[in-house]
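The residues making up each chain are set out below.
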Amino acid sequence: MLYIFCPHCGSRSQNEFAYGGDATVKRPELNKEVSDQEWDNFVYLRKSPRGKHLELWHHISGCRQWIKVERDTSTHEIFKTYKADELTE
Amino acid sequence: MSQDFRLDNIGMVNRDKKISFTFNGKKYFGYEGDTIASALIANGVHLVGRSFKYHRPRGFFGVGVDEPYAILQLERNNERDPNIRATEQEIFEGLEVKSVNCWPSVNFDIGAINNFLKMFFPAGFYYKTFMWPPSFWYKIYEPFIRMAAGFGEASIKHDKERYEHKYEYCDLLITGSGPSGLASAYAAAKNGARVILAEDKPRYGGSLLTSDVNIGNQTGVEWSEKIITELKSMSNVIVKNRSQVFGYYDHNMLVMSERISDHLPQTQKYLPKQRLWYIRAKEVLISSGSIERPLVFGNNDTPGVMLSSAAKEYMKVYGVLVGKKPLIFTNNDSGYETAIEFKKNGVNPLILDTRKEPSSDIVTEAKNLGIEIKFSHVVVAAKGYKKVKSADIAKISDNKKDLSNIENIECDCICVSGFWTPSIHLASQSGNKSEFNEKIDAFIPKKSKQKENTIGSANGKFTLEETINEAFDKGYEVSNKITENNNKVSMPTVVEKKSSEHDKFWCVPLPKGKSYKRFLDFQNDVAVTDIELALREGFRSIEHVKRYTTLGMATDQGKTSNLNGLQLVSDIENKVVPQVGHTTFRPPYTPVSIGAIVGREVGKHSKPTRKSPMHEWHEKNNAVFVDAGVWLRPRYYKQGNETLFEASKREAKNVRKNVGVCDVTTLGKIDVKGPDAAEFLNRVYTNAWLKLPVGKARYGVMLREDGIVMDDGTTTRISENHYHMTTTTAQAANVLSHLEYYLQLVWPGLNVNVVSTTEQWAGAAIAGPNSRALLTKLFPNSDVSNEGLPFMGYKEGDLFGIPAKIYRISFSGELAYEVNVESDHGNFMWEKIIEVGKEFQIQPYGTEALSTLRIEMGHVAGSELDGRTIPHDASLEGLVSKKKDFIGKRSLSRSSFTKPDREKIVGVVPLDKTTSIPEGSYIVKDPKAKLPNPKLGHVSASCWSVEYDNPFSLAIIKDGKNMIGQKLFAMSPLKNKTIPVEIVSSHYVDPEGKRVRA
Ligand SMILES: [Zn+2]
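The rules we used
- Every chain's residues receive numbers from 1 upward, in the order its sequence appears when written.
- Chain A is the first chain written and ligand 1 is the first ligand written, with later ones labelled in order.
- Side-chain atom pairs in this predicted model are given and counted only at pLDDT of 80 or more, local residue features only at pLDDT of at least 70, and totals for whole chains, interfaces and linings cover all residues.
- The basis for the side-chain values is all heavy atoms of the structure; hydrogens and waters are excluded.
- In predicted models, pLDDT denotes the confidence assigned by the predictor to each residue on a 0 to 100 scale.
- The contact criterion used is simple: two residues touch if any of their non-hydrogen atoms lie within 4.5 Å.
- Once two parts are brought into contact, the accessible area they lose, counted with a 1.4 Å probe and summed over both, makes up the buried area.
- For this analysis, a salt bridge means a side-chain nitrogen from Lys or Arg found within 4 Å of a carboxyl oxygen belonging to Asp or Glu.
- We call two N or O atoms a polar contact when they sit within 3.5 Å, provided that within protein one can donate a hydrogen and the other can accept it, with sequence-adjacent residues counted only if both atoms are side-chain atoms.
- Here a helix means four or more residues in a row that DSSP labels H or I, a strand means two or more in a row labelled E, and each is numbered from the N terminus.
- Three residue categories are used. Nonpolar comprises Ala, Val, Leu, Ile, Met, Phe, Trp, Tyr, Cys and Pro, charged comprises Asp, Glu, Lys and Arg, and polar comprises the others, including Gly.
- Buried residues of nine kinds, namely Ala, Val, Leu, Ile, Met, Phe, Trp, Tyr and Cys, make up a nonpolar core once their side-chain atoms join them within 4.5 Å.
- Summary of the burial criterion: residues with accessible area below 20% of their type's maximum are buried, those above 50% are exposed, and those between are partly exposed, where the area comes from a 1.4 Å probe applied to protein chains only.
- Annotation comment: domain bounds sourced from an automatic or database domain assignment.
- For helices, the fitted line uses only the C-alpha atoms of the stretch in contact; every axis is such a line through C-alpha atoms, and the angle between N-to-C directions lies from 0 to 180 degrees.
- Working definition: roughly parallel below 35 degrees, roughly antiparallel above 145 degrees, roughly perpendicular at 65 to 115 degrees, and oblique for all remaining angles.
- For a crossing to be left-handed, the near helix must be turned anticlockwise from the far one by less than a right angle; the clockwise case is right-handed.
- Only nitrogen, oxygen and sulfur atoms count as donors, using a 2.8 Å cut-off from the metal that widens to 3.2 Å for Na, K and Ca. Water is left out, so coordination shells may look unfilled.
- Sites are called tetrahedral only when four donors show all angles between 85 and 135 degrees, square planar or octahedral only when four or six donors show opposite pairs over 155 degrees and all other angles between 65 and 115, and irregular in any remaining case.
- Strands were regarded as paired on the criterion that DSSP finds at least two bridges between them.

Caption draft 1: Examining the confidence of the model for chain B more closely. Residues at a pLDDT of 70 or more form 95% of chain B, whose mean pLDDT is 93. Here the complex is predicted with pTM 0.89, and the ipTM for its interfaces comes to 0.98.

Rendered as structure tokens:
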């Protein structure tokens, strides 16, 4: 069971969190023309990298904040965690 | 009582307490502190089972977790417990155990015929023998394998025992209380660290219990007792016996199973049978010791052949002799320690040492005691079927290839020692890549992967002095890192006998003309020839060899077999062991009972049960409950001998005719607040929300980004910046997460907050033509007329002094209201509604009537919004705004979502107006069409229409819009029914929606 550092609450067990997938996916802006391909990429296509992965976790049994976790998918090593508003371009 | 193999003056069992137990129906006696194994051996019993494949007789091989043979089935309080290791299970009064893997009995086992049909059981026999002809599989092969396989039978009854889970944190977890575990725990605890010391056996001390050493002028046993006593008295230390740390998981989470009651006749009050500990440790010291390696020779699986360290432990801990004419077969000094122990207890052993001329303190001591030793000698084969009777021994040449002077020697046990294998399982589970150590012919842990260090013999340190020094240092070093204290305890002096080097010899060659089976894996009957065959057939990777031959699989996970298997592969392949590598160690280290893994989360406790504030009233009024997610909801209120069908019909009819009240507390409720709340809802829902006035509710549909309907419900504007959102019972949690996702990550600029208020409000839906009259009486101070509170209106009211919220919304399709009060007043509200409603013929109604009402109205619910439907399919396309953008909108223009014959919801009525259509039925054009019959869609929900008094169903079918009026068939292969039906509009009752607006 992972031990995830929530930037709001501190280190907590994985069973307090829900997984939320790739954190680098950006939703196309509202009211913007989007091609089929672009939309498909956003809705369906995800990379499944071996190694570093920036992903979302939702602290559902804690502060209910979505956080970003940089984790190695093969070793589960967690390098760093971020608040939702960090790492946004 | 005489026990032929019990020694009088040695051992740690309690001679004052005799315990009787039965094995295969026969009664035996032992002492408190005995295991099944030690007690049976004391009684001269060695035949305890049959092997997995050839059903060869099986005895005892080890004395602990490594035991590959003595797997028994335990029966206690009419409950069966399979896969019990006789070497671990302590006896208690009335214990009943029996052999597994044998039929009809352990003495006469019909499966032993397999032993003579070896050609059917070569390596990979699963894949080969039982392949052809295919028709044989069900009738012949499978029943045969099922009868022959397995280690006992699981109980099919409910397990009444209690199992608990516990979460614990510590600075330092130490796995094993041998010399390294004790020393490091002591050093760390004295330095202020919070320590957990886990020992899988009942007694602490590990090898100190059996070795002839001196620590700080005390015997090993005295020293370990002193340390344990002191550790137990310290408040920063938890010491646990009968506790196996079996898994090393991510981020230094280790799991330990504590056997609290397994050694007792029954579980004590307030105590569980077993407890599973989830331990998050800052640091871990793995001190799990090492396991003696077998030597490989002919018939080395015969009962009476066992590890020499086991024979010593049976003497020193249990006071039991494994034999009276022991043969010790060793390639190192450990065998001598066992021989010396035999000698001290009046038994004359014979030592066969594969080495030519070893010299060490221990060898000298053995010589001085007059023990007979044959150097450069090996056991060629054990003789005897159910028990060792003699052994063929031989002199072996210096190159270890040739045997000479083969002779037969009488003996009743063969104690083997092929040196030691560190137990690196936990380190390996942590991700530590082990390395092969030439000096000890075994793998030891390499660089720490997580926060773990391996110490003592688990780390390949085989002298006590090295072990103790390393453990004291590590205990201090690790604790210092955490506590930053500098309290160093002084190290005791250690006196031990010096050993000489072991011989790398491990497998005795076959004499000319002999084809003895030489076993590598005792539990799975994997012999040298099986590995040879697998390699001849082209298997190279050790992982493949393992799976093909089953080497190292099953409950002992190859604790005694792995290294010899690797040796053999590397010998044949002309490689060295590190080139071959070892298979991956995975948790659990030892078998864990399913009950312990599940813990308290069984049956009703597998999830929380949520009850509405009106639950007690429902109970008192004969409600029959149904699980709705985690909620318990009244399904119907039983009157007299009513069936579900009759009761729900009555309740639904009463809603259509008079008025009914339904507990809708379970609906998800979310408060949406903030200046941008309207804008947010406008993006979340498919329809328009910007112009909803205060005091008005609106029905909304929300999608996922892929265009599939996620949920629906009404949301009410309570004040300028405050909305009250409702969700379905099932989706409440998901919707909240969904909203939080968009607010926190996608549109953080929106100034909106959401919070669940589901539990804050108790809700009652009042539905039926009399509902307004009732409401008028409930809220005499409020104007609830059609003008004062129109359809989709909202207002606050005073319910006999209790503030209430009144929403004019309807799920039943009747004139209806939903009244919410704070949860604490829920029961008061409910009782008032029932009391005041009497004159209007009010009846409570449950979820079954609720379903009936919504189905015949064509209102969609979870069975239609099933994660596969878009708004169009549920006839909700009118709610999809063409003007604005919202979550999932772009997906709705995908070609498959816009094709003209897209599925759509319809109503289905049986032509005979009497046959109910099973939910899940397929709608087809031709019931006799060739299979697979093309299906148009499926029936999502069925009811008995109380309006028309005939069955009515909803279905989602292809091109549904154009199917109305057609005569089709509903087929339910499960119920074996084919029903001619007519397709009608899904809005079966009041299609114009006049009633809700009345
Ligand atoms: Zn948090």
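There is more to say after this.
Caption draft 2: Spotlight on the interface of chain A and chain B. The interface is formed by 28 residues belonging to chain A together with 30 residues belonging to chain B. Together, the buried faces of chain A and chain B total about 2400 Å²; carbon and sulfur atoms form 52% of this surface. When the buried area of chain A at its contact with chain B is split by residue, M1, R27 and L30 of chain A rank highest and sum to 26% of it. Our count for the contact surface shared by chain A and chain B stands at 3 salt bridges. Two residues, R64 of chain A and E740 of chain B, come together in a salt bridge whose shortest N-O distance is 2.8 Å. For the pair chain A and chain B, the interface holds 17 residue pairs in polar contact (both at pLDDT 80 or more). Taken together, the elements giving at least two residues each to the side of chain A that touches chain B come down to α1 (36-43), β4 (52-58) and β5 (66-72) of chain A. When its residues are assigned to classes, the side of chain A that touches chain B shows 14 nonpolar, 8 polar and 6 charged.

Caption draft 3: Layout of the nonpolar core. Residue and element names in this part refer to chain B. Within the largest apolar cluster, 84 residues are counted, with the highest numbers of intra-cluster contacts made by F60, Y314, F329 and I414. With 6 residues, the single largest contributor to this core is helix α1 (residues 36-42). Taken domain by domain, this core gets at least three of its residues from each of domain 1 (14-125) and domain 3 (294-418 + 501-514). Discounting chain neighbours no more than four positions away, the residues touching I414 are F297, G304, V305, M306, L327, F329, V379, A382, V388 and A391. In terms of nonpolar packing, the next biggest core, distinct from the first, is built from 31 residues, A189, I227, I228 and F472 among them.

Caption draft 4: Spotlight on the packing of helix α12 (residues 528-536) of chain B against helix α14 (residues 562-572) of chain B. Residue and element names in this part refer to chain B. Packing of α12 against α14 brings their axes to within 10 Å, and their N-to-C directions diverge by 45 degrees. On the basis of their axis angle, the class for α12 and α14 is oblique. As for how α12 packs across α14, the hand of that crossing is right-handed. Residues V528, I531, E532 and L535 of α12 pack against L568, V569 and I572 of α14. Class assignment for the residues of the contact of α12 with α14 results in 6 nonpolar, no polar and 1 charged.

Caption draft 5: Up close: the environment of L87 of chain A. All names here are of chain A. When you line up the elements, L87 lands in the segment after β6 (78-83). Residue class for L87 comes out partly exposed when judged on its relative accessible area of 45%. It is 26 Å that separates the C-alpha atoms of L87 and E33, two residues lying 54 residues apart in sequence. In this structure, L87 is in contact with L54, K68 and Y82, ignoring residues within four places of it in sequence.

Caption draft 6: Representation of the coordination of the zinc ion. Residue and element names in this part refer to chain A. Every protein donor of the zinc ion is listed here as C6 (SG), C9 (SG), H59 (ND1) and C63 (SG), and their distances to the metal cover 2.0 to 2.3 Å. Taken together, the 4 donor atoms surrounding the zinc ion define angles of 103 to 113 degrees at the centre, an arrangement classified as tetrahedral. Within one chain, the residues serving as donors to the zinc ion are arranged as C-x2-C-x49-H-x3-C. With C9 in the loop between β1 (3-6) and β2 (10-13) and C63 in the loop between β4 and β5, the pair connects residues that are 54 residues apart, well separated along the chain. We classify C9 as partly exposed; its relative accessible area is 28%. The partly exposed category is assigned to C63, whose relative accessible area is 25%.

Caption draft 7: Structural context of the sheet that holds strand β23 (residues 403-410) of chain B. Residue and element names in this part refer to chain B. Strand order across the open sheet formed by 3 strands is β21-β22-β23, with antiparallel pairing between neighbours. One side of each edge strand has no neighbouring strand; the edge strands of this open sheet are β21 (377-383) and β23. Taking the axes of each pair of neighbouring strands and ignoring which way they run, one obtains an average angle of 25 degrees across the sheet. Strand direction decides the pairing type here: strand β22 (residues 390-396) and β23, joined by 6 bridges, are antiparallel. By the bridge assignment, D392 is partnered in β23 with N408.

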